[in-house]
Amino acid sequence: MPSSEMFKQGAYLRVSGQLQYHDVDSVVAVIQDSSVSLKIGTQHLREISFRANSMYQFIGELLIGPENDAILQARIGRNVDGLDLNLY
């Protein structure tokens, strides 16, 4: 289990990362930042066009399964290519 105090069931988080892939059938995407990856549930994001290797930011609820597998159920998502996230 990750040691972050943010890693708890039902936590609302804002996360950013590079899109590794998006599966249209399962409505799940995976983003990565450095060596850490996170699954993103995208069923509520109908207006986004997903492009692999682009940067995205998501806000949503963290759901943790019985094996400590986590997925962020995104309510808001956007492409942030070109945005300097260090200044943001």
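So, here's what we can say about the structure.

Rules behind the numbers
Each residue is numbered by its place in its chain's sequence as written, counting from 1. At least 70 in pLDDT is required for a residue's local features to be given in this predicted model, at least 80 for side-chain atom pairs to be given and counted, and no such filter applies to totals for whole chains, interfaces and linings, which use all residues. Side-chain numbers come from the whole structure's heavy atoms, not from hydrogens or water. The secondary structure listing takes helices from DSSP runs of H or I that are at least 4 residues long and strands from runs of E that are at least 2 residues long, numbered from the N terminus. Note on classification: 1.4 Å probe, protein chains only; a residue is buried when its accessible area is under 20% of the maximum for its type, exposed when over 50%, partly exposed between these limits. Definition of a polar contact: a pair of N or O atoms within 3.5 Å, with one able to donate and the other able to accept a hydrogen when the atoms are protein atoms, and with sequence-neighbouring residues admitted only if both atoms are side-chain atoms. Should any heavy atoms of two residues lie within 4.5 Å, those residues are considered in contact. Only the six-membered ring of Trp is used, alongside the rings of Phe and Tyr, when aromatic pairs are assigned; centres must lie within 6.5 Å, and planes under 30 degrees apart are stacked while those over 60 apart are edge-to-face, with the rest tilted. Strand pairing is assigned whenever DSSP detects at least two bridges linking the two strands.

A word on the side chain of glutamine 73. For glutamine 73, the location among the structural elements is in strand E5 (residues 70-79). What makes glutamine 73 buried here is its relative accessible area of 12%. Side chain to side chain, glutamine 73 and glutamine 43 meet in a polar contact 2.7 Å long. For glutamine 73, the residues in contact, after removing those within four places along its chain, are Gly41, Gln43, Ile59, Gly60, Glu61 and Leu63.

What follows covers the environment of serine 49. As for its placement among the helices and strands, serine 49 is situated in the loop between strand E3 (36-41) and strand E4 (55-64). The class for serine 49 is exposed, based on a relative accessible area of 53%. In sequence terms serine 49 and asparagine 79 are 30 residues apart; their C-alpha atoms lie 8.5 Å from each other.

Another aspect to go through is the packing of aromatic side chains. Following the criterion strictly, the structure yields 3 aromatic pairs and no others. For the ring pair phenylalanine 50 and tyrosine 56, a centre distance of 5.6 Å and an interplane angle of 40 degrees mean the geometry is tilted. Its relative accessible area of 18% is what places phenylalanine 50 among the buried residues. Ring centres of phenylalanine 50 and phenylalanine 58 lie 6.5 Å apart, and the angle between their planes is 25 degrees; this geometry places the pair in the stacked category. Taken individually, phenylalanine 50 and phenylalanine 58 each receive the classification buried, so the pair is uniform in this respect. Feature note: the residues Phe50, Tyr56 and Phe58 constitute an aromatic cluster, connected by ring pairs.

Here E3 pairs with E5 via 3 bridges, running parallel. Looking across to E5, one finds that isoleucine 40 is bridged to leucine 72. If you look at the hairpin formed by E4 and E5, you'll find 5 residues sitting between the two strands, and asparagine 68 has a positive phi there, around 60 degrees.

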